[in-house]
Amino acid sequence: MMLRMAAVAANFDRDLEADFARIAGLIEQARADGVQLLALPEGALGGYLLSLDGSADPPPAFDLDGPEIARLVALAGDLVVTAGYAEAAGGFIYNSAVCVSGDGVLGHHRKVHQPLHEDAHYAAGDRFEAFDTPVGRLGMMICYDKAFPEAARSLALDGAEVIVCLSAWPGARTNPDPDLAKDRWKRRFDLFDRARALENQVVWLSANQSGMFGSLRFVASAKVVDPGGDILADTGVTEGMAIAELDVAEALDLARRSMGHLRDRRPETYGAPELARS
């Protein structure tokens, strides 16, 4: 079955009503383009942090079963939509991602890996789990999570066919290149996207914030990557929607037929117990 999917690069801030208006517009644009799976960035509800030095106020936090997520569910309708938000739970705030359709919440992830001083604002998640949706089995991760091969591998081993990575990935903080397209952090962002797709032979959707927010200049670069690590669609360093269509089952079968990276693993040789799990 063909799956038409899209990853968004856009700017979201503390104006929640404006964020929802932008999300509604993006969902309508995606629906008009026949998109079935839409990935929005980290912090799509309420924005990200204004800086990574530990001094910035965090965005507003919402309950997973609260009215804000219910509003996202209503907007999603017949689409499967992923979006990032700050989650309030058990007296903590998590940097979280939710996957919804008009039927409700389909999946949920709390960011595990925290760069720089992000842990001054958020508690860390403790797991990576794939989940079933109307468009196939998905996995989610947030931004810095993708720098750790074990994270994507655990989702692939849990049966994820498509991994969605929601980011607020900025350009370099020191010696930034005036040309964002040449920025070294933008290059890393792209390398991680392609490497994680190729090594796990999965479809990869990468959404990201764009523009400026506080001291952060985001690299945008939303994209769709196939199981061979090839970029099918890319927004570049400006806001936009990267759209691609793929028969996911066929693409995974072709990628894994001769050199199956998951099939050909030798977990008994890897030493560390967490790498040896099959």
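Above this text is the structure in question.
**Observations concerning helix 2 (residues 67-76)**
Note that an α-helix has 3.6 residues per turn; residues three or four places apart therefore point the same way.
Link 1 in the chain: For helix 2, every residue scored as buried is listed here: E68, I69, L72, V73 and A76. Angular distribution of buried residues about the axis of helix 2 spans 145 degrees; they occupy a single face of the element. Facing away from the buried side of helix 2 by more than 90 degrees, the exposed set consists of P67 and A74.

**Some points on the environment of E199**
Link 1 in the chain: Looking at where E199 falls in the secondary structure, it is placed in helix 4 (residues 184-200).
Link 2 in the chain: Residue E199 is classed as partly exposed on the basis of its relative accessible area of 23%.

**Thoughts on helix 5 (residues 248-256)**
Link 1 in the chain: Taken together, the buried positions of helix 5 are occupied by V248, A251 and L252. All buried residues of helix 5 project into a common sector of 95 degrees when viewed along the axis, lining one side. Opposite its buried face, helix 5 presents the exposed residues A249 and L254, each directed more than 90 degrees away.
Link 2 in the chain: In this structure, the buried side of helix 5 is in contact with strand 1 (2-10), strand 9 (162-167), strand 10 (203-209) and strand 15 (240-247).

**A closer look at the packing of aromatic side chains**
Link 1 in the chain: Within this structure, the stated rule accounts for 4 aromatic pairs.
Link 2 in the chain: Note on Y144 and F148: the rings are 5.0 Å apart at their centroids and 80 degrees apart in plane angle, and the pair reads as edge-to-face.
Link 3 in the chain: Owing to a relative accessible area of 31%, Y144 belongs among the partly exposed residues under this scheme.
Link 4 in the chain: The partly exposed category is assigned to F148, whose relative accessible area is 25%.
Link 5 in the chain: Here the aromatic cluster, defined as three or more aromatic residues joined through ring pairs, consists of W169, F189 and F192.
Link 6 in the chain: Above the plane of the ring of Y94 lies R110, whose end atom (NZ or CZ) is 4.0 Å from the centre.
Link 7 in the chain: Across the ring face of W169, the terminal group of K146 is positioned such that the distance to the ring centre comes to 5.0 Å.

**A closer look at the nonpolar core**
What tends to happen in soluble globular proteins is that the nonpolar side chains get buried as a cluster.
Link 1 in the chain: In this structure, M5, L37, L138, V162, V203 and L205 are the most contacted members of the largest nonpolar core, which totals 33 residues.
Link 2 in the chain: Every residue in contact with V203, bar those within four places of it in the chain, is listed here: M5, E161, V162, I163, V225, P227, L246, V248 and L252.
Link 3 in the chain: F12, I27, A83 and M241 belong to the second largest nonpolar core, which has 26 residues in total.

**Side note on the side chain of D247**
Link 1 in the chain: Looking at the secondary structure, you find D247 in strand 15.
Link 2 in the chain: Although D247 lies buried, it forms no salt bridge, and the closest oppositely charged side chain, R257, sits 10 Å away as judged by the N-O distance.
Link 3 in the chain: At 3.4 Å, the side chain of D247 and the backbone nitrogen of A249 are in polar contact.
Link 4 in the chain: From its side chain, D247 meets the backbone nitrogen of E250 in a polar contact 3.1 Å long.
Link 5 in the chain: Not counting chain neighbours up to four residues away, the residues in contact with D247 comprise M1 and M2.

**Some remarks on unusual backbone geometry**
What is expected of a backbone is that most residues other than glycine have negative phi and most peptide bonds are trans.
Link 1 in the chain: One non-glycine residue, L116, adopts positive backbone phi at about 50 degrees.
Link 2 in the chain: By secondary structure assignment, the location of L116 is in the loop between strand 6 (104-110) and strand 7 (131-133).
Link 3 in the chain: A relative accessible area of 43% places L116 in the partly exposed class.
Link 4 in the chain: Backbone geometry at A220 places phi at a positive 55 degrees, although glycine is not the residue there.

**Points about the packing of helix 1 (residues 16-32) against helix 2**
Link 1 in the chain: Running from amino to carboxyl end, helix 1 crosses helix 2 at an angle of 25 degrees, the nearest separation of the two axes being 10 Å. Classified by the interaxial angle, the pair formed by helix 1 and helix 2 is roughly parallel. Of the two possible hands of crossing, helix 1 and helix 2 adopt the one that is right-handed. Packed against helix 1, whose contacting residues are L16, E17, F20, I23, A24, I27 and R31, the element helix 2 presents E68, R71, L72, L75 and A76 at the interface.
Link 2 in the chain: Residues belonging to the contact of helix 1 with helix 2 are distributed by class as follows: 8 nonpolar, no polar and 4 charged.

**As for the pattern of salt bridges**
Link 1 in the chain: Under the criterion given, the structure shown has 20 salt bridges.
Link 2 in the chain: A salt bridge links E28 to R31; the shortest N-O distance between them is 2.5 Å. Of this pair, E28 and R31 both sit in helix 1, 3 residues apart, which is roughly one turn of the helix.
Link 3 in the chain: Bridged by salt links that share partners, the residues K146, K186, D190, D193 and K223 form one connected network.

**What about the packing of helix 3 (residues 149-157) against helix 4?**
Link 1 in the chain: Interaxial distance between helix 3 and helix 4 falls to 10 Å at its minimum, and their mutual angle equals 40 degrees. Overall, the two elements helix 3 and helix 4 adopt an arrangement that is oblique. The two elements helix 3 and helix 4 meet at a crossing, and its hand is right-handed. For the pair formed by helix 3 and helix 4, the contact residues are P149, A152, R153 and A156 on the first element and R196, E199 and N200 on the second.
Link 2 in the chain: In terms of residue class, the contact of helix 3 with helix 4 is built from 3 nonpolar, 1 polar and 3 charged.

Parameters and conventions
- Residues numbered from 1 in each chain as written.
- Predicted model: local features only at pLDDT ≥ 70, side-chain atom pairs only at ≥ 80, totals over all residues.
- Heavy atoms only, no water.
- Buried < 20%, exposed > 50% of the residue type's maximum accessible area, 1.4 Å probe, protein only.
- Helix = DSSP H or I, 4+ residues; strand = E, 2+ residues; numbered from the N terminus.
- Arc of directions from axis to C-beta.
- Contact = heavy atoms within 4.5 Å.
- Phe/Tyr/Trp six-rings, centres within 6.5 Å; stacked < 30°, edge-to-face > 60°.
- Lys NZ or Arg CZ within 6 Å of the ring centre and 35° of its normal.
- Core = buried A, V, L, I, M, F, W, Y, C linked by side-chain atoms within 4.5 Å.
- Lys, Arg positive; Asp, Glu negative; His and termini not counted.
- Salt bridge = Lys/Arg side-chain N within 4 Å of Asp/Glu carboxyl O.
- Polar contact = N/O pair within 3.5 Å; in protein donor to acceptor, adjacent residues only side chain to side chain.
- Axes fitted to C-alpha atoms, helices over the stretch in contact; angles between N-to-C directions.
- Parallel < 35°, antiparallel > 145°, perpendicular 65-115°, else oblique.
- Left-handed = near helix turned anticlockwise from the far one by under 90°.
- Nonpolar A, V, L, I, M, F, W, Y, C, P; charged D, E, K, R; others polar.

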